[in-house]
Amino acid sequence: GNYIGTDITGQLDRGNLGGGLLLNGGADGNTIGGTAPGARNVISGNNGEGIALFGTGTNSNTVQGNIIGLDVDGLDAIENSFDGIHIASGAQSNLIGGTIPTERNIISGNGTKGVQIEETGTSLNVVEGNYIGTDITGLVDRGNIQSGVVIGNNASSNVIGQAVAGGGNLISGNNQAGILIDNADGNFVLGNHIGVDVTGAVALGNGSDGIEIANGATNTRIGGTSPAARNVISGNTASGVYVHDATTTGTVFEGNYIGTNAASDGAIANGTSGIYIQNSDTHTIGGTTAAAGNVISGNTQRGILLSGASSITVSANIIGLDSTGTTDLGNTWNGVQVWGPATGIIIGGTTDGERNVISGNNQSGVLLSGATIDGTVIQRNYIGTDITGELDRGNTMSGINIVNAVNTTIGGTAAEAGNLLSGNNGAGIAMSGNASGTQIQGNLIGLNSSGTTDLGNTSYGISVNGNPLNNTIGGTTAAARNVISGNDAGGILFDGILTRLNTVIGNYIGTDSAGTGAVGNTGAGITIQASAHDMTIGGVAAGEGNVISFNTAEGVKITGIGVNNSVLGNNIFG
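Along each chain, residues carry numbers from 1 onward, in the same order as the chain's sequence is written. Residues qualify for local features only when their pLDDT is at least 70, as the model is predicted, and side-chain atom pairs are given and counted only at 80 or more; totals for whole chains, interfaces and linings, by contrast, use all residues. Excluded from the side-chain calculations are hydrogens and water; all other atoms, namely the structure's heavy atoms, are used.

Another point: the overall build of the chain. Of the regular secondary structure elements, the chain holds zero helices and 57 strands. Judged by the C-alpha coordinates and their principal axes, the chain covers about 90 × 35 × 35 Å. Each residue is assigned to one of three classes by its accessible area relative to the maximum for its type, calculated with a 1.4 Å probe on protein chains only: buried under 20%, partly exposed between the two thresholds, exposed over 50%. For the chain, the residues scored as buried account for 60% of the 574 residues in total. Throughout, a contact is declared for two residues whenever any of their heavy atoms are within 4.5 Å. Across the chain, the fraction of contacts at a sequence separation of at least 24, relative to all contacts at a separation of at least 6, is 82%. We count a stretch as a helix when DSSP gives it H or I for four or more residues in a row; a strand needs E for two or more, and each element gets its number in order from the N terminus.

So this is what it looks like as structure tokens:
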């Protein structure tokens, strides 16, 4: 019930020269504030921290129900000059806030961070249920001058939020990141609203990223598989989450809404990408079940941007639609974009649970751009349809766009590895530049998920243009067969004098997935033009021939002055 740093009205700054409260050197089991209205302290205007919990043995203290950095009404800033709350030097198991409204601290308007947790041995502290960066209503920006929450300098196993009702913090309106995790291990971010107001329906963005993870932060977990663990990370000025630096590894993102409102039925865009991973390896976005997937939609630039990042798995997410997987909330640029150098990127998987739905985005569903992108695997995704695979929710450009990247696998011969690439407003798959070594196998391109109905891409099923070489479409087994049908400009296009040495074998082009029903492409089944050369369409060995049927123009059309093209062993009829 104290005023610490203000005058008797709680409205004027009369700060102490140091901090407001210091617990140090083994201070254990103390309570600051409480749940009764008269228990609230106003701790504002001090020239140091509002509250400092320092030292080994400073454990199991409870900070609840206080106003830290605002006036007695919780409306206007009376800043503490440094952090609102600072936990350091080995302090452990302290509780800041709680899961019911009367336990909530308002930690806003402070001169540096809202809450800072740092240094080796500082662990197992819990920050839950607080408003950090807003006024007492949760509707108005009263941001801390730096980040809302900072965990750094080897602090470990601290928890921001909780996966229980009322456990999440509101972390919005801060002038830098909502949460910064820097050189720290094994910390959790669960159930928070980061960049929106208390309703979850209106942007109240932090001044930089919603969450920044950097400088050797390891094994950070953002969200979880229960709805209560979900973070809403939206409305922030920069990215929803920004992960960077080579020693930053092991981040797991599960179950979050990034770029949408709390209901995930409308967009609240982050200012750049939903998730941006730069020069950092070994992270997981999503998981192997629908509950682990994130909804990453409505962002101003990409849904996910991987730049100089390797060993990243992106699975079970909805990227560009709402949480039901049916309504378009497209990211303004690409759904997933990979810039080189990058190796070991996996988008999707071989089970239904690992499937991403990447649709409704205003450029391509997936863009791989750069000659130093090697070995990307794209499997089992729905790209351009809704979550059922039956409705057109096309990306505005191509489903998958490969520019210069090498050794990409799209689909595969394993059971259920194939992608559904339909409904896109460009090609199902586009390859250009020096794209080489691509294996395209086992996919449905232009049909619905059952392989029976036209859900064609507006352009070609597959477009190969520029310098691509040594790419293979299909294979000699049924598992390797692509079904490329119902597309609005034709089945496959090879275009350009430097397009060469590509192989098309064992596919159904213009039929249903059974190879018997007519679902013709509009135009030729395969077009080779503008001097593209040394193409192989079919072959004489078992399984190499394509079925090319029911298309509205030629089965195979070769124009220009290309040479050494081979068309052998195909069934061309209908």
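There's more to say after this.
Attention now goes to the side chain of Thr6. Among the structural elements, Thr6 can be located in the loop between β1 (3–4) and β2 (21–24). By relative accessible area, which is 10% here, Thr6 ends up buried. Once you skip the residues sitting within four places of it in the chain, Thr6 turns out to touch Leu12, Arg14, Val42, Ser44 and Ile78.

This paragraph deals with the pattern of salt bridges. Salt bridges are identified by distance alone: a Lys or Arg side-chain nitrogen within 4 Å of an Asp or Glu carboxyl oxygen. Counted by the stated rule, this structure contains five salt bridges. Between Asp76 and Arg142 there is a salt bridge; the shortest N-O distance is 3.4 Å. Highlighted residues: Asp76 in the loop between β7 (67–68) and β8 (85–88) and Arg142 in the loop between β13 (131–132) and β14 (149–152), separated in sequence by 66 residues. Overall, the relative accessible area of 41% leaves Asp76 in the partly exposed class.

Moving on, we come to the environment of Asp197. One can find Asp197 in the loop between β19 (193–194) and β20 (211–214). Sequence separation between Asp197 and Gly173 is 24 residues; the distance between their C-alpha atoms is 8.7 Å. The contacts of Asp197, once residues within four sequence positions are left out, are Gly138, Leu139, Leu170, Val202 and Leu204. Within polar-contact distance, the side chain of Asp197 engages the side chain of Thr199 at 2.6 Å. Polar contact criterion, stated in full: a pair of N or O atoms within 3.5 Å, where within protein one must be able to donate a hydrogen and the other to accept it, and residues adjacent in sequence count only if both atoms are side-chain atoms.

Patches were defined on residues exceeding 30% relative accessible area and lacking a salt bridge, with like-charge contacts within 9 Å and nonpolar side-chain contacts (Val, Leu, Ile, Met, Phe, Trp, Tyr) within 5 Å. Methods summary: accessible areas were calculated by the Shrake-Rupley approach with a probe of 1.4 Å, and residue burial reflects only the protein chains presented. Taken together, the side chains of Leu139, Val140 and Val198 define a hydrophobic patch exposed on the protein surface, amounting to about 200 Å² of accessible area. In this structure, Val198 sits in the loop between β19 and β20.

This brings us to the pairing of strand β29 (residues 304–307). Residue alternation in β29 divides its side chains into two sets, Ile304 and Leu306 and Leu305 and Ser307, and both sets are buried. As defined by bridge partners, strand β26 (residues 275–278) adjoins β29 across four bridges and the pair is classed as parallel. Bridge pairing links Ile275 to Ile304 in β29. In this scheme, strands are said to pair when DSSP sees at least two bridges between them. With four bridges joining them, β29 and strand β32 (residues 336–339) adopt parallel strand pairing. Looking at β32, one finds that Ser307 is bridged to Trp339.

Now for the environment of Asp73. Inspection of the secondary structure assignment puts Asp73 in the loop between β7 and β8. Separated by 62 residues in sequence, Asp73 and Gln11 have C-alpha atoms that sit 8.2 Å apart. With near-sequence residues (within four places) excluded, Asp73 lies in contact with Gln11, Ile67 and Ile136. Here Gln11 takes part through its side chain, which lies 2.8 Å from a polar atom of the side chain of Asp73.

Let's shift gears to unusual backbone geometry. At the junction of Gly340 and Pro341, the peptide bond is cis and its omega measures out at -5° in the coordinates. Looking at where Pro341 falls in the secondary structure, it is placed in the loop between β32 and β33 (342–343). Located in the positive-phi region is Asn219, a residue other than glycine, with phi close to 55°. Tracing the sequence through the fold places Asn219 in the loop between β20 and β21 (221–223). What makes Asn219 partly exposed here is its relative accessible area of 47%. The phi dihedral of Ser264 is positive, around 55°, even though this residue is not glycine. Considering the arrangement of structural elements, one finds Ser264 in the loop between β25 (257–258) and β26.

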